[in-house]
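# Per-entry structural report
Spelled out, the chains give:
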Amino acid sequence: DVVQQNENSLQITWNAVENADSYTIYRCEEATGTYTLLADNLTTLKYIDTTVTTGKTYYYKVAPVLITDEVTHRGDYSSVVQGKTRLSVPARHPSS
């Protein structure tokens, strides 16, 4: 899932994968474009992307990393999720 933290960040969360030692997250600006490494060696199930531009849509996928006999293996990618930041709108207060 992707949730807007504020105008300048998105929080990406994912489900745990059994036996995963860490996770790697990739980002793209087009759903079918080339994904680039955003962060690796993540040991939690969330990541906050603070390198986003307000109003732009981003696509993310996560891969688990498993280490077996000192050999690193990347698991299957998650489904692609997307998120977009929007400008905050001040709350409207009723006129008195």
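Above this text you will find the structure in question.
Predicted model only: the values in this text are computed from it and were never measured. (Residues numbered from 1 in each chain as written. Predicted model: local features only at pLDDT ≥ 70, side-chain atom pairs only at ≥ 80, totals over all residues. Heavy atoms only, no water.)

## So, the pattern of salt bridges
Going by this rule: Criterion for a salt bridge: a side-chain nitrogen of Lys or Arg within 4 Å of a carboxyl oxygen of Asp or Glu. By the criteria applied, helices consist of DSSP H or I runs no shorter than four residues and strands consist of E runs no shorter than two, each listed in order from the N terminus. The rule is simple: take the accessible area with a 1.4 Å probe, protein chains only, and divide by the maximum for that residue type; under 20% is buried, over 50% is exposed, in between is partly exposed.
Evaluated as defined, the whole model comprises 2 salt bridges. As a salt-bridge pair, Arg27 and Asp49 come within 2.8 Å of each other at their nearest N and O atoms. Residue Arg27 is located in strand β3 (residues 22-28), and its partner Asp49 is located in strand β5 (residues 46-49); the two are separated by 22 residues in the primary sequence. In this structure, Arg27 and Asp49 share a single accessibility class: buried. A salt bridge links Glu29 to Lys56; the shortest N-O distance between them is 3.1 Å. Of the two residues, Glu29 is situated in the loop between β3 and β4 (36-42) and Lys56 in the loop between β5 and β6 (57-68); the sequence distance between them amounts to 27 residues.

## A short note on the nonpolar core
Definition in use: Buried Ala, Val, Leu, Ile, Met, Phe, Trp, Tyr and Cys residues form a nonpolar core when they are joined through side-chain atoms within 4.5 Å. Between two residues, a contact is recorded if the distance between any of their heavy atoms is within 4.5 Å.
Val2, Leu10, Ile12, Trp14, Tyr23, Ile25, Ala39, Leu42, Val52, Tyr58, Tyr60 and Val62 form the largest nonpolar core, which has 12 residues in total. Taken together, the elements giving at least two residues each to this core come down to β2 (9-13), β3, β4 and β6. With 3 residues, the single largest contributor to this core is β6. Look past the residues within four positions of Trp14 in its chain and what remains in contact with it is Tyr23, Ile25, Leu42, Thr44, Leu45, Lys46, Tyr47 and Val62. Tyr26, Cys28, Tyr59 and Ala63 belong to the second largest nonpolar core, which has 5 residues in total.

## Some details on the side chain of Arg27
What counts, and what does not: Pairs of N or O atoms are called polar contacts if they sit within 3.5 Å, as long as, within protein, a hydrogen donor faces a hydrogen acceptor (for residues adjacent in sequence, only side-chain-to-side-chain pairs).
Among the residues examined, Arg27 registers a relative accessible area of 15% and is labelled buried. In terms of polar contacts, Arg27 uses its side chain to reach the side chain of Thr51, at 3.0 Å. Apart from the residues within four sequence positions on either side, Arg27 is in contact with Thr34, Tyr35, Thr36, Leu38, Asp49, Thr51, Val52, Tyr58, Tyr59 and Tyr60.

## Let's talk about the packing of aromatic side chains
Rule in force here: Aromatic rings from Phe, Tyr and Trp, taking only the six-membered ring of Trp, are treated as a pair when their centres fall within 6.5 Å; an angle between ring planes under 30 degrees marks them as stacked, one over 60 as edge-to-face, and anything in between as tilted. A ring is considered to have a charge above it if a Lys NZ or an Arg CZ atom is located within 6 Å of its centre and within 35 degrees of its normal.
Taken as a whole and judged by the stated rule, the model has 2 aromatic pairs. Summarising the aromatic geometry, the rings of Tyr26 and Tyr77 are spaced 5.4 Å apart at their centres and angled 80° between planes, so their arrangement reads as edge-to-face. Of this pair, Tyr26 sits in strand β3 while Tyr77 is found in the loop between β7 (71-74) and β8 (81-84), placing the two residues 51 residues apart along the sequence. Note on Tyr77: relative accessible area 35%, which makes it partly exposed. For Lys61, the ring lying beneath its charged end belongs to Tyr35, and the centroid distance is 4.4 Å.

In short, geometric facts, not functional conclusions.
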